[in-house]
Each structure stands twice: as structure tokens, then as C-alpha cells.
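Below, each chain spelled out in residue letters.
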Amino acid sequence: MTRPALLALADGRVFRGEALGAAGEGHGEVVFNTSMTGYQEILTDPSYRGQMICMTYPLIGNYGINLEDVESRRPWLSGFIVKEACPFPSRGASSRPRSGTARASPSGPAPCPDCSAATWSPR
């Protein structure tokens, strides 16, 4: 079940989407990442603590989560913003779907209908 979500930027622009992870609010610096793969490492990398990561690649989650590939025991980021979250991973080595890790994070993935516009925000 999805819930409405908002991404409100400091310049006043607001992006509407759906919340897929843990319920609640996330606050932090929005930064973008252009990786096509490695979202699992990004979710669990302590260097992203307090940041909301906006993935520029349009589909995230298609290979699921493999517990052997994590950077730490838990997610550190404040939010994970994607254009489209794949609900069913296709990789056989996946130990659990992407949403399992999202629920463990303070603010799980929130699809952003226009991630490219959020990425091009004035700096």
C-alpha cells in the first residue's frame, strides 16, 4: 500500500509522489546520484547519513537486495528518491525485495515523477 508523499525543496518547489518505505518525515540535504547500479550500497553507506538521495537512473530495485553486498548493518540516509521503484526483483541472488530495506530506513523510497527537475534545482 502506498501513501502520498511530498518532496519540498528550499526554493519552494514541491514534487508529489508516493511513499513506499517507513511512515514519517525525512529531512536532509537532497543530493543526486547518477549510478545505474549500486543502489544497495548507497542505501547502506554511512557517508550518506542525513542526506536524501535522488537517483537519476529511472528504474531502481530491479535486482533486489543481497545481504552480502551491504556497506553496513542499516540504512543511514534520510530519504531515497526514485522515479520508478521495481516491486519484484529479478536477480536470483536477491535475499529480499528492495522494500524490505526501505522499511528499515527512516524514510524509504519515494517515487518522484520528475526526478530530473529535482536534480536541476538551482544550487
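In short, a report on the structure. (Residues numbered from 1 in each chain as written. Predicted model: local features only at pLDDT ≥ 70, side-chain atom pairs only at ≥ 80, totals over all residues. Heavy atoms only, no water.)

Comments concerning the overall build of the chain
The criterion, for reference: Put simply, DSSP marks the helices as runs of H or I at least four residues long and the strands as runs of E at least two long, and each gets a number from the N terminus on. Partly exposed residues are those whose accessible area sits between 20% and 50% of the maximum for their type, while under 20% is buried and over 50% is exposed, using a 1.4 Å probe and protein chains only. Per-residue and other accessible areas were derived by the Shrake-Rupley procedure at a 1.4 Å probe size, with only the shown protein chains allowed to occlude residues.
On a plain count of helices and strands, the chain comes out with three helices and eight strands. Reading the chain from its N end, one meets helices and strands in the order β-β-β-α-β-β-β-β-α-β-α. Going through the 123 residues of the chain one by one, you find that 43% of them count as buried. Taken as a whole, the chain presents about 7,000 Å² of accessible surface, with 54% of it coming from carbon and sulfur.

Comments concerning the packing of aromatic side chains
Note the cut-off: Ring geometry is summarised as follows: Phe, Tyr and Trp rings, the Trp one being its six-membered ring, pair when their centres sit within 6.5 Å, and such pairs are stacked at plane angles under 30 degrees, edge-to-face over 60 and tilted between the two. The criterion for a charge sitting over a ring is simple: Lys NZ or Arg CZ within 6 Å of the ring centre, and within 35 degrees of the ring normal.
Scanning the model with the defined rule gives zero aromatic pairs in all. Looking at Arg74, its charged tip hangs above the ring of Trp76, at a distance of 3.7 Å from the centre.

Here we look at the pattern of salt bridges
Just so we agree on the cut-off: One side-chain nitrogen of Lys or Arg within 4 Å of one carboxyl oxygen of Asp or Glu is enough to make a salt bridge.
Scanning all chains against the criterion turns up one salt bridge. Here Arg13 and Asp11 are joined by a salt bridge, their closest N and O atoms 3.0 Å apart. The partly exposed category is assigned to Arg13, whose relative accessible area is 28%.

Here's the deal with the nonpolar core
Quick reminder of the rule: The nonpolar core is taken to be a set of buried Ala, Val, Leu, Ile, Met, Phe, Trp, Tyr and Cys residues, with the residues joined through side-chain atoms within 4.5 Å. Throughout, a residue-residue contact means that at least one pair of heavy atoms, one from each residue, lies within 4.5 Å.
Tyr39, Ile42, Ile53, Met55, Leu77 and Phe80 are the most contacted members of the largest nonpolar core, which totals 15 residues. Only helix H1 (39-44), strand E4 (51-55) and strand E6 (79-82) provide two or more residues apiece to this core. Ile53 has contacts with Val31, Asn33, Ile42, Tyr48, Leu77, Gly79, Phe80 and Ile81, leaving out every residue within four places of it along the chain. Judged by nonpolar contacts, the second largest core, of six residues, contains Leu7, Met52, Cys54 and Ile81.

A short note on the environment of Ser35
Along the polypeptide, Ser35 turns up in the loop between strand E3 (29-33) and H1. We classify Ser35 as partly exposed; its relative accessible area is 25%. Each C-alpha atom, one on Ser35 and one on Thr56, is 7.5 Å from the other, the two residues being 21 residues apart in sequence. With residues near it in sequence (within four places) discarded, Ser35 still touches Ile42, Met55 and Tyr57.

Focus: the side chain of Asn33
Rules: Residues adjacent in sequence count toward polar contacts only when both atoms are side-chain atoms; beyond that, a polar contact is any pair of N or O atoms within 3.5 Å, and within protein one must be able to donate a hydrogen and the other to accept it.
Looking at the secondary structure, you find Asn33 in strand E3. Engagement of the side chain of Asn33 in a polar contact is seen with the side chain of Tyr48, the distance being 3.1 Å.

A few points about the environment of Ile81
Mapping Ile81 onto the fold places it in strand E6. As for Ile81 and Phe32, which are separated by 49 residues in sequence, their C-alpha atoms are 9.0 Å apart.

Section: the pairing of strand E2 (residues 14-19)
To be explicit about the condition: Strand pairing requires that DSSP identify at least two bridges connecting the strands.
Here strand E1 (residues 3-8) pairs with E2 via six bridges, running antiparallel. If you follow Ala8 over to E2, its bridge partner there is Val14. The hairpin formed by E1 and E2 contains five residues between the paired strands, and Gly12 there has a positive phi angle of roughly 100°.

Honestly, it's all geometry; don't read function into it.
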